Amino acid sequence: MDIDEDALRDDLATLVGFGAVGGSEAEVAIQHWCAERLTSLGLEVDHWRVDLDEVRAEPDYPGEEVAREEMWGCVAATNSDRPAVILAGHVDVVPTGDIALWDSDPFTLTSRDGQWRGRGTCDMLGGVAAIFAAARAVDHASLTRTFAIHTVVAEEDGGLGTFETLRRGHAGDACLIAEPTAGRLITANAGSLTFRLEIRGAATHGSMRRSGVSTIDLFPRVLAALDALEDKRNADVPTLFGPLPFPISIGIVHAGDWASTVPDRLVAEGRYGIRPGEEFAEAEALFEAHIAELCDSDPWLREHPIEVTWSGGRFAAGVTEPDHAFVHQLHELTGAPAAGAPYGSDLRLYVGAGIPTVQYGPGDIAGAHAVDESVPIDEVVRCAAAYRDLILARCT
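Residues numbered from 1 in each chain as written. Predicted model: local features only at pLDDT ≥ 70, side-chain atom pairs only at ≥ 80, totals over all residues. Heavy atoms only, no water.

Asker: Just to check I follow, could you spell out the overall build of the protein for this structure?
Answerer: Of the regular secondary structure elements, the protein holds 11 helices and 16 strands. Principal-axis analysis of the C-alpha atoms places the extent of the protein at approximately 80 × 45 × 45 Å. Here the protein holds 396 residues, and the buried ones make up 53% of them. When contacts within the protein are restricted to residue pairs at least 6 apart in sequence, those whose partners lie at least 24 apart make up 81%. Looking at the protein as shown, the accessible area adds up to about 16,600 Å², and 50% of this sits on carbon and sulfur atoms. Taking the average location of the 30 positive side-chain charges in the protein and that of its 63 negative ones, the two points are 3 Å from each other. (Helix = DSSP H or I, 4+ residues; strand = E, 2+ residues; numbered from the N terminus. Buried < 20%, exposed > 50% of the residue type's maximum accessible area, 1.4 Å probe, protein only. Contact = heavy atoms within 4.5 Å. Areas by Shrake-Rupley, 256 points an atom, 1.4 Å probe, with all protein chains shown as cover. Lys, Arg positive; Asp, Glu negative; His and termini not counted. Charge placed at Lys NZ, Arg CZ, Asp CG, Glu CD.)

Asker: What should I look at first to understand the nonpolar core in this one?
Answerer: Note on soluble globular proteins: their nonpolar side chains tend to be buried together. Counting 81 residues, the largest nonpolar core has Leu 15, Phe 132, Phe 147 and Tyr 387 as its most contacted members. Phe 147 has contacts with Leu 43, Ala 76, Ala 77, Thr 78, Pro 83, Val 85, Ala 135, His 140, Ile 391 and Cys 395, leaving out every residue within four places of it along the chain. Grouped together as the second largest cluster of nonpolar side chains are 25 residues, Leu 226, Ile 248, Ile 291 and Val 308 included. (Core = buried A, V, L, I, M, F, W, Y, C linked by side-chain atoms within 4.5 Å.)

Asker: Even after reading the chapter, I still don't get the environment of Ser 111, so can you show me in this structure?
Answerer: With respect to the secondary-structure elements, Ser 111 resides in strand S4 (residues 110–112). Classification of Ser 111 as exposed rests on a relative accessible area of 52%. Distance in space between the C-alpha atoms of Ser 111 and Val 375 is 9.5 Å, their sequence separation being 264 residues.

Asker: Which parts of the structure should I look at to understand the pairing of strand S2 (residues 72–77)?
Answerer: Within S2, six of the six residues are buried, leaving the element largely enclosed by the surrounding structure. Along S2, one buried face is formed by Trp 72, Cys 74 and Ala 76 and the opposite face, lined by Gly 73, Val 75 and Ala 77, is buried too. Pairing geometry for S2 and strand S6 (residues 146–152), over four bridges, is antiparallel. Directly across from Val 75, in S6, lies its bridge partner His 150. (Pairing = 2+ DSSP bridges.)

Asker: In this structure, what is going on with the pattern of salt bridges? I would like to understand it.
Answerer: If the charged atoms of two oppositely charged side chains come close together, the side chains can form a pair. According to the stated counting rule, one finds 26 salt bridges in the structure shown. Between Asp 10 and Arg 9 there is a salt bridge, with its nearest N and O atoms 3.9 Å apart. Relative accessible area serves as the criterion here: at 42%, Asp 10 is assigned to the partly exposed category. The residue Glu 284 makes a salt bridge to Arg 314 at a minimum N-O spacing of 3.1 Å. Here Glu 284, found in helix H7 (residues 280–296), pairs with Arg 314, found in strand S12 (residues 307–315); they are 30 residues apart in sequence, far enough to count as distant. A relative accessible area of 15% places Glu 284 in the buried class. Under the relative-accessibility criterion, Arg 314 is labelled partly exposed at 26%. (Salt bridge = Lys/Arg side-chain N within 4 Å of Asp/Glu carboxyl O.)

Asker: In this structure, what is going on with helix H6 (residues 215–233)? I would like to understand it.
Answerer: One full turn of an α-helix is made of 3.6 residues, so residues set three or four places apart face in the same direction. Helix length check: H6 (19 residues) gives 27 Å between terminal C-alpha atoms against 27 Å at 1.5 Å per residue, within 8%. Thr 215, Leu 218, Phe 219, Val 222, Ala 225, Leu 226, Leu 229, Glu 230 and Arg 233 are the residues of H6 that are buried. The arc that holds the buried residues of H6, viewed along the axis, is 145 degrees, so those residues lie on one side. Two to three positions downstream of the cap, the backbone nitrogen of Ile 216 sits 3.1 Å from a side-chain oxygen, assigning the N-cap of H6 to Ser 214. (Expected span 1.5 Å × (residues − 1). Arc of directions from axis to C-beta. Polar contact = N/O pair within 3.5 Å; in protein donor to acceptor, adjacent residues only side chain to side chain.)

Asker: How should the sheet that holds strand S9 (residues 191–200) be read in this particular structure?
Answerer: Backbone hydrogen bonds are what pair the strands of a sheet, in a parallel or an antiparallel way. As summarised here, the arrangement of the four strands in space is S10-S11-S9-S12, forming an open sheet in which the pairing is antiparallel. Here the strands that pair on one side only, and so sit at the sheet edges, are strand S10 (248–255) and S12. Put simply, the sheet's adjacent strands are angled 20 degrees from each other on average, direction ignored. Direction of pairing for S9 relative to S12: antiparallel, over a ladder of six bridges. From the neighbouring strand, Thr 194 faces S12, where its bridge partner is Ser 311. On top of the sheet, H7 reaches S9, strand S11 (265–274) and S12; it is set at about 150 degrees to S12, its chief contact. (Axes fitted to C-alpha atoms, helices over the stretch in contact; angles between N-to-C directions.)

See the structure below:
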């Protein structure tokens, strides 16, 4: 059956309209809607409220970066047998930033120049709507094997939704995640950790600034040290990846509390790229040792060392080997080449559960989280057709 583009667009408009920012009530509501929508497509749905206290007590809990009091899981399948393929996607989105910078309401789907626009259209509600369209285009009664759909939340801040879905026992023979991949098959993700640096100086009146130690003046030394560590960690790049797969970036900086006071405290938070096969403890120890070396080389920091702490989501790297049969199957269906990506995703959770997993979806990660976020309409429709063909190839 052909892809119903009108129904696909309607589903995407509804998904965008929730504004399901992580930790919000909409993150709960969108999962209720997904359960209802998938039921209407003739699938058997497991929709459950997650015991957050219980899942947070797990030893491999992946972390969170937003406050969250309620979370729901949603899995749909043609029957209760083990799925031959899982089609997966997250339905939480990141905040909009300054809405005044958007051309239109971020949570209202619009179309222009062959693109659907709105928060989450690229990352990754366009892919989720394409999954729904593929399920709609398949005659379930003709299938001899099972396919499943996983919609999850909390992906943007650590992957707790997929962690809980797998913990509940929802596995399969292979998994496709409909993340934006710019026409490639992403078989490997770098991981990431969130670090926090606290730098101490000596406050004094701004008119006597040379009598104090400004943390803002110290900060460039820290940035230079992080650049050197980044260069070292990216000197030997695995073949699948591009030139900077394991970046180190600063995203938040706070310093000072009065314009005429030399700031004696600076807090910086950032992202630390993790290499495939690298344990979190190993990566953290290397980072901390590098910061300690910086402090030893500086008279002030030697006596007032920078404090390093770790918080937020913990994204391990994940790899499905590019010569895996599932990767070959997807290449035959799509013609897309295999590649690695520098960002973390739920791929590593499925792979960690023994499920070969590949990302393939509409849009380009460069457009994710952006003002006026958009996804090409033809790519969404093309991916929906590819997902339909994948279901047919693995389940008939």
